[in-house]
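# Chain and residue survey
Here is how the chains run, residue by residue.
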Amino acid sequence: MNLKDFAEGVSIIRAFYNDPDGYHIGAEHDQLYLYATDRPMDEASVAKLKELGWFQPDSTDDDAYSPEDGWSAFV
């Protein structure tokens, strides 16, 4: 993932948190985790995130979106 795709993904996701500057992030080695959003995301935002390389690591179906699951990216 490049810096542009990373930054664009964070920008999309943070719009769905009630406190976009609050603590909603974690990291382990080369994988970044963002907690589940406070509000469900619209289809266009989900599609764009997936296009940028973001994914939901707890999802059992790569095509499905779960508002209860967080997002992740390899950096």
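Each remark here, short or long, concerns the structure printed above.
All values reported here derive from a predicted model rather than from experimental measurement.

## Re the side chain of Thr-37
Position of Thr-37 among the secondary structure elements: in the loop between β2 (31-34) and α2 (43-52). For Thr-37, a relative accessible area of 9% translates into the label buried. Thr-37 has contacts with Ile-13, Phe-16, Tyr-17, Tyr-65 and Pro-67, leaving out every residue within four places of it along the chain.

## Observations concerning helix α1 (residues 3-14)
Side chains that are three or four residues apart share a direction in an α-helix, a result of its 3.6 residues per turn. End to end, α1 covers 16 Å across twelve residues, agreeing with the expected 16 Å (1.5 Å per residue, within 8%). Residues of α1 that are buried: Asp-5, Gly-9, Ile-12 and Ile-13. Each buried residue of α1 lies within a common arc of 95 degrees when the element is viewed along its axis, so the set occupies one face. Counted as exposed and oriented over 90 degrees from the buried face of α1: Leu-3 and Lys-4. Among the residues of α1, the N-terminal cap falls to Asn-2, whose side-chain oxygen and the backbone nitrogen of Lys-4 are separated by 3.2 Å.

Calculation criteria
Residues numbered from 1 in each chain as written. Predicted model: local features only at pLDDT ≥ 70, side-chain atom pairs only at ≥ 80, totals over all residues. Heavy atoms only, no water. Helix = DSSP H or I, 4+ residues; strand = E, 2+ residues; numbered from the N terminus. Buried < 20%, exposed > 50% of the residue type's maximum accessible area, 1.4 Å probe, protein only. Contact = heavy atoms within 4.5 Å. Expected span 1.5 Å × (residues − 1). Arc of directions from axis to C-beta. Polar contact = N/O pair within 3.5 Å; in protein donor to acceptor, adjacent residues only side chain to side chain.

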